[in-house]
Amino acid sequence: MPYRNGQPPIPTALETILRSSRISRRDLLFRLLPGGLFTFLSLPLLQACTRAESPAEAFIAKVPRYGADIRSAILSGFRELGVTPGELKGKTILLKPNLVETRADAPHINTHPSVIRAAAEAFRSLGASNVLLAEGSGHCRDTLRLLEETGMADVLVEDRIPFVDLNYDDVYTVPNAGGHSRLKTLTLPLTLRKVDWVVSMAKLKTHHWAGVTLSMKNLFGLMPGSFYGWPKNILHHAGIENCILDINATVRPHFAIVDGIVGMEGDGPIMGAPKAAGVIVMGRNFPAVDATCSRVMGIDPGRVDYIADSSGRLGTIREENIRQRGETIRSVHSDFDLLQKIPAHRGLRLHR
Amino acid sequence: MADSKTDRILDEIWKRRLPEGGFASRPGGEYRPDATAWAILALRVGGIDSQRLLAEMRRLGGSQLKDGRIALSPEHPEVYWPTPLAIFAWHRTPEFSRGASRAVSFLLKTSGSHFKRDPNSPGGHDTSLRGWGWTEDTHSWIEPTALSILALRSAGHNDHERVSEGARLLLDRQLSRGGWNYGNTTVFGTELASMPESTGLALSALSGLTAGQAVSGSIAKIKESVRSLKTPLSLGWAILGLSAWGERPSDTHDLIDRCFRRQDRYGAYDTSLVGLLAVARKAEEGLIYALS
């Protein structure tokens, strides 16, 4: 039985079958239903599986280490992806890192401060008037300690980047635009209404409940812990994957920059091992970015349930639909360890 | 009598009072019951007479629902974690004894979701034990469980079955290498890291309920790290946890003053954090003794 951060799971029967066998929804229909009946009953689902998807772009940069020129890599990505000074001039940009927990000598858990610094510089150089960092850490209650021990506090002070702890922000409540979970509304931090762009600055990591955590999963950290608990217990109870889709559908974030210079493999998102992948992945279309990241990690995005479900709803994940800018996936691909003991990892490996 | 540095911290809290009573998390922010409860607690522990805080206590009372819980906001009754904080704030104040009593009743009849332990579960803790969650219908976690135990004990329920079971839950979730994470011990066979704030909270709650031997590894762990802690949540609870076990650092005031000054670096702390620092500075034998 799947088990999530100490929470009793509430999977549907279908989810349970899919999880335990790691077969796709489409495969399941073919297996369960005879010909005519299949056509009659499965058409709406099949249509959902093959929804028309607009093409998208994702950019990959090789960045071998945190001391490298990350700012130039990000600016190259902006150019390749058509991010122009015209659309950033005078804008307020919210950078949402992935800050989870700190351990000595574990830079692979959190978005690295050097990447935040580089992104802030890149956005400012294109005319953004304000860049702020905002996080509602899902796990660690002491956000200031996270900032201090990751080295992020030094960057914030030196570069005069304001920080907002979203866990304690004032809030507003809106209808859940995704409708995937049972949650009718989502309570969001007021800071979201004060910014023009929300940029998910995720980390390239495996995840022991969700399979992988990338730009879409990172937005869990927008949700105020004061209201959702630590580690966002209400969202866990409502289903991690459905809530990822709901948050992304409701917030409609603008841009993703994924720190894969040193990512995490194995028992992510905290206890896994460092994986030096040497990449930054960027894009406007979050499913396309996460699909590209997955392929870089040797993971089939179509087998990560929430990424598969995002396709056609929030963007596209089909490889032939994603115009790859910068480096090719093949040139940077490196299999991230998946653990057989973790149900969410089973069957994810990409077979080329 | 408070010393001048304690006075300065209390002054900062006092200045944050909202015109209509109560406190916000941040200057200029909206009223919050958690910030209000921490501010009242800090001011009272610092020696301010409860009669001077009646407007603040009344505002807190406005957050109490019919069943006794204190909700974070009226739109979110499911978010009940400020309830134990309100019990601290109203402690031994005749005007609010009924409210406190209703809050206690709510805690006694409320628990985090619990269920039979699954031997195949990837988690290492006993899921059948009842504690308290952050929000309704979610699992029990260290911080809300520890705060609820402290609140019930402060209200005279030291020997209640729920306090004993909550203590068993905390002991069950103690890490083998000492300390506490936020709720789990191991996941998929890997032990999680201890966190100073969780460790300080659990030690505060367990003081007087269990023998020192049962938590000696955790006391040693937090003693090792307390002087390296720079931030208010971790430092405040680490000091309160050690104080509760007679292990208060000799340089506690210096550590807290240094932390307080770090607002120059981080910006103004949340009212709850300022309140926690003030309580930790004053409560030489831990929170439960400060209340008694």
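Now for a description of the structure that goes with this document. (Residues numbered from 1 in each chain as written. Chains lettered and ligands numbered in written order. Predicted model: local features only at pLDDT ≥ 70, side-chain atom pairs only at ≥ 80, totals over all residues.)

On to the pairing of strand 3 (residues 130-135) of chain A. Residue and element names in this part refer to chain A. The pairing of strand 2 (residues 92-97) with strand 3 spans four bridges and is classified as parallel. Within the sheet, the bridge partner assigned to Leu94 lies in strand 3 and is Leu132. In terms of handedness, the path from strand 2 via helix 6 (residues 113-125) over to strand 3 forms a crossover that is right-handed. As paired elements, strand 3 and strand 4 (residues 163-165) share three bridges and run parallel to each other. Note that in strand 4 the partner of Ala134 across the bridge is Val164. (Pairing = 2+ DSSP bridges. Helix = DSSP H or I, 4+ residues; strand = E, 2+ residues; numbered from the N terminus. Right-handed = clockwise from strand over helix to strand, strands pointing away.)

For the rest of this paragraph, the subject is helix 12 (residues 286-296) of chain A. The buried fraction of helix 12 of chain A amounts to eleven of the eleven residues, a majority that puts the element mostly inside the structure. Where helix 12 of chain A terminates, the next one or two residues include Gly298 of chain A, which has phi positive at roughly 75 degrees. (Buried ≥ 20, exposed ≤ 12 C-beta atoms within 10 Å, placed from the backbone.)

With that settled, consider unusual backbone geometry. The omega torsion across Trp230 of chain A and Pro231 of chain A is 5 degrees, close enough to zero to call that bond cis. If you trace the backbone, Pro231 of chain A turns up in the loop between helix 9 (225-228) and helix 10 (233-238). For Arg160 of chain A, which is not glycine, the phi torsion reads 50 degrees and is therefore positive. Relative to the helices and strands, Arg160 of chain A is located in the loop between helix 8 (152-158) and strand 4. Using a count of 8 C-beta atoms within 10 Å as the deciding quantity, one classes Arg160 of chain A as exposed. Residue Phe188 of chain B is not a glycine yet carries a positive backbone phi of 50 degrees. Among the secondary structure elements, Phe188 of chain B is positioned in the loop between strand 1 (186-187) and strand 2 (190-191).

A few words now on the nonpolar core. Ranked by internal contacts, the top residues of the largest apolar core, which has 198 residues, are Ala119 and Ile280 of chain A. No other element matches the nine residues that helix 2 (residues 33-45) of chain B contributes to this core. (Core = buried A, V, L, I, M, F, W, Y, C linked by C-beta atoms within 7 Å.)

All names here are of chain B. Running from N to C, helix 10 (residues 232-244) and helix 13 (residues 271-282) cross one another at 25 degrees; their axes reach a closest spacing of 9 Å. Considering the angle they form, helix 10 stands roughly parallel to helix 13. In this structure, helix 10 meets helix 13 at a crossing whose hand is left-handed. Mapping the contact onto sequence places Pro232, Leu233, Gly236, Ile239 and Leu240 in helix 10 and Leu273, Leu276, Leu277 and Ala280 in helix 13. Residue classes in the contact of helix 10 with helix 13 are distributed as eight nonpolar, one polar and no charged. (Axes fitted to C-alpha atoms, helices over the stretch in contact; angles between N-to-C directions. Parallel < 35°, antiparallel > 145°, perpendicular 65-115°, else oblique. Left-handed = near helix turned anticlockwise from the far one by under 90°. Contact = placed C-beta atoms within 7 Å. Nonpolar A, V, L, I, M, F, W, Y, C, P; charged D, E, K, R; others polar.)

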